[in-house]
Amino acid sequence: MTVPVSFVDTEIQRDLRQLVTAVVNDQVSGDTVRSVMLDTGVDDRVYETLVQSGVHALLIAEDNGGAGAAMADAALVSEVLATRVTPVPYLSAAVIIPTFLQHCEPSSSRDALLHVLAAGTSRATLVYRDAHGSVAKPSGVRSSTDGDRVRLNGVSAHVLDGAGADTLIVVAITDDGMLQAVIVPRDTTGVTVTKTPVLDLTRPLATVMFNDVQVAADAVVASDVVSALTVAKRAALVALSHEAVGGLNALLTLTTAYAKQRLQFGRAIGSFQAVKHRLVDVLIAKEAAQSAAVYASRVFADDDTESSIAAFTAAAYCLPAYVDAALACLQIFGGIGFTWEHDVHLHIKRAKASSLLFGSATHHRRDLAQVLAL
Amino acid sequence: MGGDSERAQLDAALDELCARFDPATTANETFWGAQFDAGLAWVWFPVGAGGLGFRPELQHHVNAAIVARGGSVENRLANILGIGMGAATLVGHGTPEQIARFLRPMFTCEEIWCQLFSEPGAGSDLAALATSAVKDHDQWILNGQKVWNTMAHVAAFGLIVARSDPNASKHAGLTYFILDMASDGVDVRPLYQITGEAEFNEVYLTDVVIPDTNRLGDVGGGWGVAMTTLANERVAIGGNELARGEGIIAQAITAFRALKETGEADPVFEDQLMTHWVAAEVLRLTTLRANSAASGKTPGPEGSTAKLQWAELNKAVSSFTLELLGPAGVTYPRGYTFDRPSEPGLLSTDPHHAFLRSRANSIEGGTSEIMRNILGERVLGLPGEPRVDKDVAWRDVPRN
């Protein structure tokens with residue numbers, strides 16, 4: 001069943017939009033991004049400001065010390081941050097982790113961790129991919145219980161913010177084939193984190209190796225996380241779709257301004273239909289992407305089927321649309337758009353990486369077909 | 001807040017209407033008349049003109065409720081040029097007498113309307129039109145030729161724009177009229193299109209007399225009035241709210257299911273189907289979003305976005321559906337009948353016919369290229385094309 005939703009911002013969302021826009025306007029520019037991305041890939045000062053304002057804990061329930069807000073609220077933060085390709089681990093730490101943990105069965109260790117994350121004193125990321133970074137294949141980490149200890153061995157690649165997080169939530173395959181989640185402080189003996197050379201330097205990835213890593217048995221937060229993992233990936237797709245909307249908005253503004261100001265043949269290039277119509281296609285894509293993303297974040301907590309259909313639809317539309325728009329805008333900028341100093345390549349790299357990070361649009365369409373069972 | 005109280009008043013009006021005239025059993029014409037009298041024809045129109053002065057998006061609620069109670073909203077398509085475009089033009093620019101005379105029978109479909117805008121020499125450049133209107137005391141004499149006139153062969157009235165001052169610049173010299181299609185000198189001829197049908201017509205006007213009381217808006221103010229019609233046209237064409245899976249995509253889904261049954265569906269077809277499905281779903285959501293945000297009485301440029309996407313979706317999906325049909329794709333079961341349909345068929349439910357008919361979707365109501373110009377200039381604020389005919393008397397502008 002489709003769900004009737006309001007496409008208009010709530011009061012909370014208007015406030016959030018204003019708050020995050022102010023942070024981004026004050027602290028993030030193409031120059032700060034270029035500088036950060038050649039260093040750690042994380043703008044700690046900006047993320048600290050976000051944590052101070054509490055938006056990192058929007059998705060954490062009030063009982064666990066968070067704001068108890070909805071996906072539509074957190075996704076809006078993603079959207080505004082993406083307007084300047086802000087290099088912060090919002091996706092990994094504030095969207096994926098809270099969604100994942102809160103879809104695991106409740107436990108005292110889980111709730112204690114959520115409280116710490118809500119307080120903002122710790123940053124966690126989810127380790128669940130195989131050794132090649134596949135999002136679809138089983139985790140590359142195995143666990144075995146040894147008395148009151150749990151031992152972890154294996155490799156997981158493409159760990160979002162793997163080098164910046166101090167806490168790893170590791171999805172591991174147990175001896176009896178279950179998927180469990182284990183809390184592993186990053187400085188535990190036997191954990192090696194290696195930064196991955198990435199296309200999009202604003203979203204750093206790492207490979208994490210576990211070489212006979214031992215943690216206490218109560219570090220296991222959940223013993224069957226298959227469905228929590230599914231929901232967490234869906235949350236990522238919804239947040240990325242909103243990021244695409246933010247990116248499309250920014251590209252449209254930047255490129256339209258340039259098309260009005262750049263003169264060739266004695267006219268602003270935006271007066272030529274070849275340029276004008278290309279920009280209008282970006283406008284149309286932005287409007288359409290916004291509809292898809294907003295619907296997906298609004299119905300995220302609804303029944304699984306509707307939430308999945310909406311998320312796969314949004315991802316299949318918004319993520320390629322952002323790529324196409326970024327490439328079209330580069331063409332409109334011409335030579336200047338091909339330079340490192342220009343901001344358009346920040347969007348191109350972010351867009352392309354986002355469109356592949358959780359499977360490509362082809363995968364999203366395949367998953368959508370499965371849910372729809374046409 | 002106004003929103004909730006409007007909704008409550010609307011529901012009360014709906015209940016009262018349906019209590020007096022059961023939508024399921026009342027003859028359509030009677031029901032539509034009562035609906036008009038109850039102010040539920042166009043809820044955003046003034047009281048007495050078929051409306052209640054409410055927010056326009058509430059109309060979708062009214063339409064859905066009438067359908068849910070077994071009634072019909074088919075008049076909106078059957079008389080789309082009147083109900084979808086003419087009505088708003090009349091309310092925006094008409095005299096109280098015109099509003100009182102024309103709106104009700106328009107809504108009940110007792111009087112079908114057509115639009116007489118385009119001409120052989122004025123398509124995308126509508127303002128270049130040449131049909132002349134010469135004032136003669138309290139009446140006007142029209143001469144010229146109009147084209148692409150949907151429903152003109154069944155219409156009682158036409159919305160017509162003509163040139164009242166050839167010495168003024170092209171936009172300034174136009175005047176808008178209501179034409180009684182039964183007038184002497186009006187010759188409606190079928191214009192057969194690529195489907196073999198003549199849904200459209202050519203209309204030849206020879207010394208046609210229109211009383212000045214049927215002028216809509218000021219002399220020389222025809223362009224502004226026409227803009228109201230066109231803005232509403234784009235919404236009427238593209239702005240229909242659908243349920244998921246409805247519209248053109250339904251044809252592709254049906255064809256895909258048939259392939260599945262015979263074991264001929266493959267992952268490539270499925271992926272292509274899903275690409276179209278996603279486009280259709282996203283357009284559906286965009287229409288919902290645009291309607292929920294609509295506030296003004298004249299639709300904004302977002303109407304152009306929806307119309308443009310709608311046209312492109314119909315063309316792409318209908319072409320893909322023929323591919324899914326396999327060998328049957330080369331057949332044309334209905335045949336080329338050379339008849340004159342009595343209802344407009346923007347979109348067909350027959351996939352073979354839809355493939356051909358949808359080609360017009362990116363031309364009728366403004367070409368996709370003109371739509372992109374409008375969006376680029378009015379929404380993005382990009383500079384316009386150089387206009388060599390600007391500030392030149394119309395009679396001095398080169399034309400075919």
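In case you missed it, the structure is sitting above this.
Now for a description of the structure that goes with this document. Since this is a predicted model, take the numbers as computed values, not measurements.

### Here's the deal with the overall build of chain A
If you tally the helices and strands in chain A, you get 11 helices and 10 strands. Against the compact-globule benchmark of 21 Å for 374 residues, chain A has a radius of gyration of 21 Å, which places it among compact chains. For chain A, the spread of C-alpha atoms along the three principal axes comes to 80 × 45 × 35 Å. A buried classification covers 54% of the 374 residues belonging to chain A. Put simply, 74% of the contacts in chain A that link residues at least 6 apart link residues at least 24 apart.

### Some details on the overall build of chain B
Of regular secondary structure, chain B possesses 12 helices and eight strands. Taken against the 2.2 N^0.38 rule, which gives 21 Å for 400 residues, the C-alpha radius of gyration of chain B at 22 Å falls within 12% of a compact globule. With 400 residues in all, chain B has 45% of them scored as buried. In chain B, the share of contacts with a sequence separation of at least 24, taken over all contacts with a separation of at least 6, comes to 71%.

### Concerning the pairing of strand β5 (residues 174-180) of chain B
Residues and elements named next belong to chain B. In terms of burial, β5 is largely enclosed, as six of its seven residues are buried. The pairing of strand β4 (residues 157-163) with β5 spans seven bridges and is classified as antiparallel. Across the sheet, residue G158 finds its bridge partner in β5, namely L179. As judged from the two bridges shared by β5 and strand β8 (residues 215-216), these two strands associate in the antiparallel manner. Note on β8: the bridge partner recorded for Y176 is L216.

### Focus: the interface of chain B and chain A
Taken together, the contact between chain B and chain A spans 31 residues of the former and 29 residues of the latter. A per-element tally of the side of chain B that touches chain A places helix α9 (residues 267-293) of chain B first, with 14 residues. In terms of residue class, the side of chain B that touches chain A is built from 15 nonpolar, eight polar and eight charged.

### Focus on helix α3 (residues 58-68) of chain B
Residue and element names in this part refer to chain B. Taken residue by residue, α3 has Q59, V62 and I66 as its buried positions. Axial view of α3: buried residues confined to an arc of 60°, hence all on one face. Exposed and oriented more than 90 degrees from the buried face of α3 are A64 and A68. After α3 finishes, the residue G70 shows a positive phi value of roughly 90°.

### Points about the environment of A:C104
Residues and elements named next belong to chain A. With respect to the helices and strands, the residue C104 is situated in the loop between α5 (90-102) and α6 (108-119). Residue classification places C104 among the buried positions, given that 21 C-beta atoms sit within 10 Å. Sequence separation of C104 and A163 is 59 residues, and the distance between their C-alpha atoms is 25 Å. If near-sequence neighbours (up to four positions away) are discounted, C104 is found in contact with R110, A181, V221, A222, V225 and A228.

### Observations concerning the pairing of β4(B)
Residue and element names in this part refer to chain B. In terms of residue burial, β4 counts as a mostly covered element, since seven of its seven residues are buried. The alternating pattern of β4 places F157, L159, V161 and R163 and G158, I160 and A162 on opposite faces, both of which are buried. Sheet analysis places strand β1 (residues 113-116) next to β4, joined by four bridges and oriented parallel. Bridge pairing in β4 links Q115 to L159.

### Remarks on the nonpolar core
Counting residues in hydrophobic clusters, the biggest one holds 165 residues, and the most contacted among them are A:V170, A:A244, A:L248, A:A289, A:A292, A:A314 and A:C318. The element that contributes the greatest number of residues to this core is helix α7 (residues 226-261) of chain A, accounting for 19 residues. For A:A314, the residues in contact, after removing those within four places along its chain, are A:L237, A:V238, A:S241, A:A292, A:A293 and A:A296. Counting residues in hydrophobic clusters, the runner-up holds 65 residues, among them B:L10, B:I83, B:A133 and B:A155.

### Some thoughts on the packing of helix α1 (residues 11-27) of chain A against helix α4 (residues 71-82) of chain A
Residue and element names in this part refer to chain A. Interhelical geometry of α1 versus α4 gives an angle of 30° and a closest axis separation of 9 Å. Judged by the inter-axis angle, α1 sits roughly parallel to α4. Where α1 crosses over α4, the two elements pack in a sense that is right-handed. Residue-level inspection shows I12, Q13, L16, R17, V20, T21 and V24 of α1 in contact with α4, the latter providing A72, D73, L76, V77, V80 and L81.

What counts and how
- Residues numbered from 1 in each chain as written.
- Chains lettered and ligands numbered in written order.
- Predicted model: local features only at pLDDT ≥ 70, side-chain atom pairs only at ≥ 80, totals over all residues.
- Helix = DSSP H or I, 4+ residues; strand = E, 2+ residues; numbered from the N terminus.
- Rg over C-alpha atoms; globule rule 2.2 N^0.38 Å.
- Buried ≥ 20, exposed ≤ 12 C-beta atoms within 10 Å, placed from the backbone.
- Contact = placed C-beta atoms within 7 Å.
- Pairing = 2+ DSSP bridges.
- Nonpolar A, V, L, I, M, F, W, Y, C, P; charged D, E, K, R; others polar.
- Arc of directions from axis to C-beta.
- Core = buried A, V, L, I, M, F, W, Y, C linked by C-beta atoms within 7 Å.
- Axes fitted to C-alpha atoms, helices over the stretch in contact; angles between N-to-C directions.
- Parallel < 35°, antiparallel > 145°, perpendicular 65-115°, else oblique.
- Left-handed = near helix turned anticlockwise from the far one by under 90°.

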